[in-house]
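Residue-level structure breakdown
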Amino acid sequence: MPGRIKWGILGTGRIAGSFAAALNSFNDAELYGVASRSAEKAGAFSREHSVTKSFHDYESLAADPEVDVVYIATPHSLHKENSLMCLEHGNAVLCEKPFAINAVEAYSVIAYARQRQLFLMEAMWTRFIPAAIKLKQLVADKTIGEIRYLFAGGAFLPEFDPDFYLFRKDLGGGVLLDAGVYLVSLASWLLGYPDKIRCAGRLNEHGIDEHEAMLLEYDSGAIAGLYVSMRTRSSPDITILGSKGKIYVHPPLFCPSKIILSLFDEEETEITLPFASNGYQFEAMEVHRCLREGKTESAVMPLGETLGIMRTMDEIRGQFGLKYPME
C-alpha cells in the first residue's frame, strides 16, 4: 500500500480523541476523516485534531473511496453494525474493545471480513505497548518458571450520568465489557483459553454489572484471579507468581511502562520502558504493518482469540444473569 495510510474515525468521544492524537504523532498516518451523527461534534473534532474532512453520518465516511481503514469508537452496541458497514464498503477495520456485545455478533463480523478478505482487528492497544510486549516475552521464556497464579484487576468510581454509556444497558453498558475485557484479554494472551470459568457479580438497579470477581482455571494448573469494579477505587495492576519467582506490572495495566521482576533469592530487577505520545500509536502501527504486508489479521491480536475472549465474557455474564436488550 503506497503513500500514507488514510484513516477514518467513527465517533468523537474521549477514546476517539486519544486515538486521533496518536495518529497525528507519526508520519505514516493521515487523519483523513471523522464522522458523528452530530455535524457540530464532527466539525469540532475535525478542527481540534486537524482532520481533513468531517462527516455528519457514519456511512458517508465509510463510502468515501479515499479512506483506507476505519477506527470504530462508537458505543459498544454499535460495534457489530458499524464494523459490517465499513467492511461492506471495502474498508479495513480496527474496532475498539469490546469487539462486540457477544460472541454471536463477533463471529458474524469475523466471518464477513474473512469472506471479503479484508483486514479486521480488535483494538486491544495494551498488547502493542512496549512493556506489555516485554511481559509477554518474560512469560513465554518461562523467566519465572511455570505460571501458578495471575492476579489482576482495578476499580474506579465514575460519576453517575444516566446518559453516559457505562450506565446504559441499551448501549452495552456495565463494567465487564468496558474494563473487564482488558483482564480477560490479558489472561487469554498469557495463559490461553480457560478450561473452567467461575464468576460472582452484581447487577445494579439499572440492570448492568457494577462489579465482579472471576476465577479462570487452566489444565496447566495455572489460575487467574481477576476483579473489576465501578463501586470503589484501586489502581489497575498485575501480579504473576511462577515456580521460580514473580512479576509485578505497575499500574495502569492497560498501558504499563514499568515491570518488577523478582526471582527467588535474587535482587529485584526493574524494567522501565517509557514511550512517547499516549500509546495508541502502537496498535495503529500494527495495522499499517499488516496492511502493507497484505495481511487480513494480526498475529498479535488474532480474530480467533478475539472470538474466544467474547465467549469467555459471555460465560461470565451468564453466571450472574446479565443479558442485553439486543440479545
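Quick note: structure is the one above.
Let me begin by describing the structure that accompanies this report. (Residues numbered from 1 in each chain as written. Predicted model: local features only at pLDDT ≥ 70, side-chain atom pairs only at ≥ 80, totals over all residues. Heavy atoms only, no water.)

The subject of this paragraph is the overall build of the protein chain. The helix and strand inventory of the protein chain stands at 9 helices and 14 strands. The globule rule puts the C-alpha radius of gyration for 327 residues at 20 Å, and the 20 Å found for the protein chain is close to it. Projected onto its principal axes, the C-alpha coordinates of the protein chain cover approximately 60 × 45 × 40 Å. Put simply, 66% of the contacts in the protein chain that link residues at least 6 apart link residues at least 24 apart. On the protein chain, roughly 13,900 Å² of surface is accessible, and the fraction owed to carbon and sulfur atoms is 50%. Distance between charge centroids for the protein chain: 2 Å, based on 32 positive and 42 negative side chains. (Helix = DSSP H or I, 4+ residues; strand = E, 2+ residues; numbered from the N terminus. Rg over C-alpha atoms; globule rule 2.2 N^0.38 Å. Contact = heavy atoms within 4.5 Å. Areas by Shrake-Rupley, 256 points an atom, 1.4 Å probe, with all protein chains shown as cover. Lys, Arg positive; Asp, Glu negative; His and termini not counted. Charge placed at Lys NZ, Arg CZ, Asp CG, Glu CD.)

Among the 6 residues in strand β1 (residues 5–10), 6 count as buried, and that is most of the element. The alternating pattern of β1 places Ile 5, Trp 7 and Ile 9 and Lys 6, Gly 8 and Leu 10 on opposite faces, both of which are buried. Here β1 pairs with strand β4 (residues 69–72) via 4 bridges, running parallel. When the sheet's bridge partners are listed, Leu 10 is paired in β4 with Ile 72. (Buried < 20%, exposed > 50% of the residue type's maximum accessible area, 1.4 Å probe, protein only. Pairing = 2+ DSSP bridges.)

On the basis of which strands lie adjacent, the open sheet formed by 8 strands has the order β8-β9-β10-β7-β11-β12-β13-β14 and mixed pairing. The sheet is open, and its two borders are formed by β8 (196–203) and β14 (269–272), each paired with just one other strand. Each adjacent strand pair in this sheet contributes to an overall mean axis angle of 10 degrees, direction not counted. Note that strand β9 (residues 209–217) and strand β10 (residues 223–229) share 7 bridges and pair antiparallel. (Axes fitted to C-alpha atoms, helices over the stretch in contact; angles between N-to-C directions.)

Right, let's talk about the sheet that holds strand β3 (residues 53–55) for a bit. An order of β3-β2-β1-β4-β5-β6 is seen for the 6 strands of this open sheet, with the pairing classed as parallel. Edge positions in the sheet fall to β3 and β6 (120–123), since each of these pairs with one other strand and no more. Within the sheet, the average angular offset between the axes of one strand and its neighbour, ignoring direction, is 25 degrees. Judged from the 4 bridges that link them, β4 and strand β5 (residues 92–96) form a sheet pairing that is parallel. Residue pairing in the sheet places Tyr 71 in a bridge with Leu 94 of β5. Sitting on the sheet, helix α1 (residues 14–23) touches β1, β2 (29–35), β4 and β5, and the angle it makes with β1 is about 170 degrees. Strand contacts of helix α2 (residues 39–49): β1, β2 and β3, with the helix running at about 160 degrees to β3, the strand carrying the most contacts.

The subject of this paragraph is α2. Residues spaced three or four apart along an α-helix point in a common direction, a consequence of the helix completing one turn every 3.6 residues. Listed in full, the buried residues belonging to α2 are Ala 42, Gly 43, Phe 45, Ser 46 and His 49. The buried side chains of α2 occupy one side of the element, clustering within an arc of 165 degrees when seen end-on. Facing away from the buried surface of α2 by more than 90 degrees, the exposed residues are Glu 40, Lys 41, Arg 47 and Glu 48. Buried residues belonging to α2 abut β1, α1, β2 and β3. (Arc of directions from axis to C-beta.)

By convention here, two paired aromatic rings are described through the distance between centres and the angle between planes. Inspection of the entire model under this criterion finds 11 aromatic pairs. Ring plane angle 65 degrees and centroid distance 5.2 Å describe the contact between Trp 7 and Phe 19, whose orientation is recorded as edge-to-face. Here Trp 7, found in strand β1, pairs with Phe 19, found in helix α1; they are 12 residues apart in sequence, far enough to count as distant. When its relative accessible area of 0% is taken as the criterion, Phe 19 is described as buried. Their ring planes at 35 degrees and their centres at 5.6 Å tell us that Tyr 182 and Phe 254 sit as a pair that is tilted. Of the two residues, Tyr 182 sits in helix α7 (residues 175–191) while Phe 254 sits in the loop between β12 (245–249) and β13 (258–263), which places them 72 residues apart along the sequence. (Phe/Tyr/Trp six-rings, centres within 6.5 Å; stacked < 30°, edge-to-face > 60°.)

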